[in-house]
Number of protein chains: 2
Amino acid sequence: MIEARTDDILTLASGAPLPPDVPAVRYGARARALWRMMAAELPVPSARLIPAARVRAIAEGAPCDAVALLDGFADPPLVSVRASPLERSWGGPAAVLDVGMNEQMRGRLAERIGAAAAARLHAGFIVAYALRVARLDDALFADLPLASEPETALAEAQRIFREETGAPLPEDPAEQLEEVIRSFARAWEGTSARLLRQAQGAPADAGLGLIVQAMVFPLGPGVSGRGRVQFVDPESGAPGIFGRFAAGAAEGDLSEIRENGIFLAKDPRGPSLEDHAPQSLAALREAGARARRHFREAMAHDFVLENGRLWLLDAAPADRSPRAAIRIVVDLAEEGLISREEALLRIDTGLVPALLHARVDPAAPRTVLARGIPASPGAAAGRLVFTSQAAQALAARGESAILVRPETGPEDVRGMHVAVGVLTARGGLTSHAAVIARGLGLPCVVGAGEIEIDLRARTLEVGGERLVEGAPVTLDAATGELLAGELPLLEPALDRHFETLFSWADEVRRIAVRANADTPADARLARGFGAEGIGLCRTEHMFFEGDRLTVMREMIFARTEADRRAALERLLPMQRADFLELFRIMNGQPVTIRLFDPPLHEFLPHERSEMQALAEALDIPVSEVMARTEALSEFNPMLGLRGVRLGIIMPEIYETQARAIFEAVLDAGAEGVAVTPEIMLPLVSAAREVDLLRGRIAAVARQVEIERGASLDYRLGVVVETPRAALRAGEIAEGCAFLSFGTNDLTQMTYGLSRDDAGRFMSGYVQHGVFPEDPFHTLDTEGVGELVLMAAERARQAKPGIVLAICGEHGGDPASIAFCCRAGFDYVSCSPFRVPLARLAAAQCAIRARAAGGSDERTG
Amino acid sequence: MIEARTDDILTLASGAPLPPDVPAVRYGARARALWRMMAAELPVPSARLIPAARVRAIAEGAPCDAVALLDGFADPPLVSVRASPLERSWGGPAAVLDVGMNEQMRGRLAERIGAAAAARLHAGFIVAYALRVARLDDALFADLPLASEPETALAEAQRIFREETGAPLPEDPAEQLEEVIRSFARAWEGTSARLLRQAQGAPADAGLGLIVQAMVFPLGPGVSGRGRVQFVDPESGAPGIFGRFAAGAAEGDLSEIRENGIFLAKDPRGPSLEDHAPQSLAALREAGARARRHFREAMAHDFVLENGRLWLLDAAPADRSPRAAIRIVVDLAEEGLISREEALLRIDTGLVPALLHARVDPAAPRTVLARGIPASPGAAAGRLVFTSQAAQALAARGESAILVRPETGPEDVRGMHVAVGVLTARGGLTSHAAVIARGLGLPCVVGAGEIEIDLRARTLEVGGERLVEGAPVTLDAATGELLAGELPLLEPALDRHFETLFSWADEVRRIAVRANADTPADARLARGFGAEGIGLCRTEHMFFEGDRLTVMREMIFARTEADRRAALERLLPMQRADFLELFRIMNGQPVTIRLFDPPLHEFLPHERSEMQALAEALDIPVSEVMARTEALSEFNPMLGLRGVRLGIIMPEIYETQARAIFEAVLDAGAEGVAVTPEIMLPLVSAAREVDLLRGRIAAVARQVEIERGASLDYRLGVVVETPRAALRAGEIAEGCAFLSFGTNDLTQMTYGLSRDDAGRFMSGYVQHGVFPEDPFHTLDTEGVGELVLMAAERARQAKPGIVLAICGEHGGDPASIAFCCRAGFDYVSCSPFRVPLARLAAAQCAIRARAAGGSDERTG
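This write-up is about the structure you can find in this document. (Residues numbered from 1 in each chain as written. Chains lettered and ligands numbered in written order. Predicted model: local features only at pLDDT ≥ 70, side-chain atom pairs only at ≥ 80, totals over all residues. Heavy atoms only, no water.)

**Some points on the packing of aromatic side chains**
All names here are of chain A. With the rule as written, the count across this model stands at 32 aromatic pairs over all chains. Judged by centre distance (6.5 Å) and plane angle (20°), the ring pair of F579 and F583 falls under stacked. Of the two residues, F579 and F583 are both situated in helix α23 (residues 561-586); the distance of 4 residues between them amounts to about one turn of the helix. Its relative accessible area of 0% is what places F579 among the buried residues. For F583, a relative accessible area of 1% gives the class buried. In this structure an aromatic cluster arises from ring pairing among F543, F544, F596 and F603. The ring of W188 is capped by R197, whose NZ or CZ atom sits 3.9 Å from the centre of that ring. (Phe/Tyr/Trp six-rings, centres within 6.5 Å; stacked < 30°, edge-to-face > 60°. Helix = DSSP H or I, 4+ residues; strand = E, 2+ residues; numbered from the N terminus. Buried < 20%, exposed > 50% of the residue type's maximum accessible area, 1.4 Å probe, protein only. Lys NZ or Arg CZ within 6 Å of the ring centre and 35° of its normal.)

**Some remarks on the nonpolar core**
One finds L681(A), L739(A), L681(B) and L739(B) to be the most contacted residues of the largest nonpolar core, which totals 297 residues. If near-sequence neighbours (up to four positions away) are discounted, L681(B) is found in contact with L595(B), V644(B), Y654(B), V690(B), L693(B), I697(B), L716(B), G717(B), V718(B) and V719(B). (Core = buried A, V, L, I, M, F, W, Y, C linked by side-chain atoms within 4.5 Å. Contact = heavy atoms within 4.5 Å.)

**Concerning the sheet that holds strand β28 (residues 678-681) of chain A**
Sheet strands associate in pairs through backbone hydrogen bonding, adopting either a parallel or an antiparallel arrangement. Residue and element names in this part refer to chain A. Spatial ordering of the closed barrel is given by β25-β26-β27-β28-β29-β30-β31-β32, a layout of 8 strands whose pairing is parallel. Going across the sheet, the axis of each strand differs from the next one's by a mean of 25°, ignoring polarity. Two elements, strand β25 (residues 512-516) and strand β32 (residues 827-830), share 4 bridges in a ladder whose sense is parallel. Bridging across to β32, A515 finds its partner in C830. (Pairing = 2+ DSSP bridges. Axes fitted to C-alpha atoms, helices over the stretch in contact; angles between N-to-C directions.)

**Some thoughts on the sheet that holds strand β5 (residues 208-214) of chain A**
All names here are of chain A. Strand order in this open sheet of 5 strands is β1-β2-β5-β3-β4, and the pairing throughout is antiparallel. Each end of this open sheet is capped by a strand with a single partner; those strands are β1 (10-12) and β4 (95-99). With direction set aside, neighbouring strand axes in the sheet form an average angle of 20°. As paired elements, strand β3 (residues 79-85) and β5 share 7 bridges and run antiparallel to each other. Considered in β5, the bridge of S84 is made with G209.

**Details of the interface of chain B and chain A**
One frequently used descriptor of interface size is the decrease in accessible area upon assembly of the parts. Listed as interface residues are 49 residues of chain B and, on the opposing side, 49 residues of chain A. Carbon and sulfur atoms make up 54% of the area that chain B and chain A hide from each other, which totals about 4200 Å². If you sort the residues of chain B by the area they bury against chain A, L639(B), R724(B) and R760(B) come out on top, with a joint share of 15%. Where chain B touches chain A, the interface holds 8 salt bridges. The partner of R728(B) in a salt bridge is E782(A), with the nearest N and O atoms 3.4 Å apart. Linking chain B to chain A there are 26 residue pairs in polar contact (both at pLDDT 80 or more). (Buried area = accessible area lost by both parts, 1.4 Å probe. Salt bridge = Lys/Arg side-chain N within 4 Å of Asp/Glu carboxyl O. Polar contact = N/O pair within 3.5 Å; in protein donor to acceptor, adjacent residues only side chain to side chain.)

This is the structure in structure tokens:
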């Protein structure tokens, strides 16, 4: 398509030749939409398009030939001046209407629409001119009786204008137009517009295009009025006609249209435009269909009916919920209006998580009781409970419980399992509640500091209101709000359109997507969301759950290796069953198991009462429990005795785990599920650690093979999560089938920054630009990323074809996924709820890479 | 010098032509010493040298032509076979003597030395042969009456040998010799010798040379006997004649010589060789002087007098204390026997720390009461105390206190300041006691788990013994022992020779040595040890000491920035005085000040009683103290809110510090001390952090300049201690005058390993070779070192000429200093007590680099 190559002022008028296409970057988005509507032969009032460069020149004092601008409009002219920046919101007025209004014009209009309406328009123009051009205070005009006594209001407006500026408003339309254009040019350079542009990340040299457009009036004897229309359901994306029409509404007053407008198509709920003017509605439908084809997008339009004649004033993408967004692009692609690739690229990956969770019906009335930090997405409605027991009791009766706690601990996990939502008064994004809830896919809000919980009275007080246990509430974890009453929820939108779009994504993407899944529930969720395997199965929980914790503690308190082995022996069948269940669910897909990672002290009690209980259970003095707990405590647990270090120092832990995995593999095989497990070592910092453990695990495999008379295949790999493992990746890769970058810990160690402890200053750091992004959300490509790329290169050099992956939470972040695609990784692994997002992000990377003439696979 | 080029068996005999020089690596150290003695025309019994390759071949079955070997010795021959490995200890016998002994030889010897002596030699040979060659159990010969009834013993030995082996010991000398040689060859391949070699780090293909040497006898009618001599005092290194001589002592029985021998030169304490045979002593002196010149080393010799005739059996470097080692090389260099460079290279840097501390007189009788971990070197004698108060009371009376505590905390620091030594029952090398003691240069032993302290009774029990407060004890922190009684100590040896050697070191080294010094005491110590400035002045203590802690806590509990500033204001004059004092002591030498680094919670109390006291002092409820303490606590303090992060979040802390520094600089200037302070930012991970703080510090500088009407010069730098700071060093360097690598933290973060928490497994890790060395002692060149070099390169590229340094504890480790020299760093900074070691290590690097034809400065 040929674009306008100069910075000329262009004319759009039906009948006149269409000028070359106007680039939005020079003329603004609205000007471009106007041009496209004109090109589509849609009914658009004629207009002149002034490029941003001209507007800037005018701001700097260049002449503005308003007389020439008005040439071609009606004589005498009546026009609007509309802002056309690149981004639609810019901090200044959208338009100044009725430029050209004067005594003469008012007289002419009075003939058409009556003296009162004409006076009201005139008065409105004077006020707009006074505020925008003369920069008068709007308080001066606050009391004008515009609606009730328009002619009085006009006289009063003229008086105020004259008194304040020392002169009446100029009558000459050209003079008015020049002043209005200059006022826009100045406003663009003003402080508020500049700050807003900076906040939106607009380039420093962005400019403001302007449109001078013939006025059309939603006034007159025939069907006249103003409306807003779109041809898809904003909630579902289904085709239809949606919007409102209001006779006589002033431009820009959308709320009036929304609140007082009538329906467009026939509707049982009330009167409609179709009832009044079926041919106008037909024209609207026809224009909408034409715009859809032309824009290759579901559009929304502001329109005017002037004595039954349709004018479109604007065209912008239709409003849409995340779910509607999916349906719209799928429909467009299935109609052949856009390609599948374009459909994929048009979906902002940020919308995807919202699709996977229930949400509060936006139509429901919201009474906010308390606010906290959204920690795990979704929404839930149910009854307030304060204990796990109460949650379980409610669940047993088939009712939904919203669990509210000051903060949660391991003892609350049972309650969280049966609750539909969790709210805590304390804690941040990495608190126990937040982490567990995300793992369970449970809506969760944390750190709601305003609520006061009285656990004994079983009440919650907030803002003077008191809620008792059993009170109906709704938790909106998308906004972090606790709402009064059980509100209606909209369920996740994993419909045909979702499935279709994501099947397209899977066809184009070049990087696999696995899930971080620790439990059968996680694994089922992951498969449901289209994961192609488990990239990270953390095994710690297998030592925490229920009775196992007691056995684990016995192991920790054992005095000899033999006693430790005996305790671990008792955990073996449970672990084997866990692994078997995972293998069954994944049904032959790869399963990557990370061996035991946390420090042992995480398994010990901290409260004195718990210590006493443990002492009784183990039949040892409580002093011994306390001494051992103290002996095992660490200054910096993240940098302590855990991961492979523990695996090397206490070989029996990893040996039992390896045995449980291998026996489960053979059991699965007997059921017809072939598994090649991938065993992954955490916290490696030296190749020798891997060498040592490779030998021990191989010995366990041989032993199981002999005992069972069967043969075993497995792969051994390493989580690269210390900077040193990244630096020594060449050496480490030699003994590994795969390396998976644990970017959570790698980021913590590269920055010297604990994620748990960073909360106190991270937001300030990001706000002040010390860090451009929170490196725990988006991979720090400059630091951590360099280490990752260095490691990948060294690993491939040492072992061509080695499988490379990422299993930190960055695996679910689009920018980080793009990084992995560029690096040619084999897969990303992320939490189940991020899997669809990752599939889409990976598809977008592949499409963009292909478009850039390259490929998303590594070069060289 | 020409070396023997083949693996020939060589002959050393006076009168015969000297064979080419024998390399120790092929013939062994003893063979080479023999060759050198022969070359020096010293009286050495003639010998044949069998290279290791030949011995290995014999072990593998090659023939051993013993007849040819004996050719040239007396007929009938009587020889010794001596081991000559590369390292003198090898796990097998040093020698088998009297090979060739048989009935005929006994008869001949009986004529010279009497029948009884001859029978004793014969019996001794049979026992040696039985043990070494026939591999009989030595218990069989335990009851032989060798000394009292030698002829009975002989008959009995012969009988046992015959009964156990089924045949008499062969009479043929050649046959005997062949068997003895084969037994040595086998022993070298035996398990114990192999393990010992491995432990010593010998190469896998190391071999054993052998020496067949004519026997000389310390027996006979004239002055006959055996002795050991060296010509320097082993304690001081002063010239003299030292050793003992014993008539008739058997070879190898050094203890007999040591215990029963007479003095060599005339001595008031007892009889001497000089009394008996002045001409023999003169020959010995003459031989010693000749050996010294020839070996260019102070040597020790085993010698034999055979009827007054002197034979030297061996030559090895003289025994020497660390102090003597210094004097010996300085004397040799001053005599012109060796160059200054060689003198410097000959001193093992590991000896240096011992020179700087007092030690227990090795002659004193030691009764060990308890053992612990040597945590801070030195030795101290004094009276046992259990509290700081008691230590202060004793010190006030001018007496020395050894402070014993279960473990120490901040409240014990006053006591440590006045004590002469510290012992704790608990804790490791990074415990409070260890760290503080090293800082104070105070001898300290920690983790003496056997002692039981009763603080109320003020007693200490160990091994059934009870010591009360005031008991005289000696703490030997070199060995980690608590000794009974106040033993005599030898004071540090910073004498003329020390000064001379270290002045030579300073002349050749190319890298500067600074000290990590926080206090005036540190700084004085550092200057005394030759530091060229302060490379790291930690400022935390300025907030901890005495009353300041209370003000600091007020600052932490302040609710507003204004209140925080008010509290800091009160600390300002104290800090300014601290800096001024440092500047005075360093007298114009550079002083690098690291701004506040630790997390705030380190300043808060942990015990409930302390919290109550604080609540009273601040006049706030104790609940608030507890809440604030809990709010500030961190999961991983090392990775938390500290360093620049705190400096950015609470600007007033760094601003106050900067002001204190600048004002002290101007005050020092007024006293005539010109200082250009170097201000260093800790825990940087992004360039933007530096940019922000550079601006703030510059603003403080400008303000002080305006207030004082003076101009200020200072340099800003960064401690590179996060991996990310290393990766982004280019960007960071742009705004810095210097980068100093904080390799302690950098190692912790690169490994993901907290030094405090690594203690539990580090020794096991190193023993099993998982890590080749403790990376906190010796810089991990493969991982951390790569980051350091990468950072250095990037920093230089961005800012040529930027000053680079190291300020971790590695700055005092010779291997790590060598790394810094190779990397072309400008200086290393280490604890004051490591400064001399660093000066020497730096000199050795420079000499070696020059010798390698390169330079110790960076190339390119």
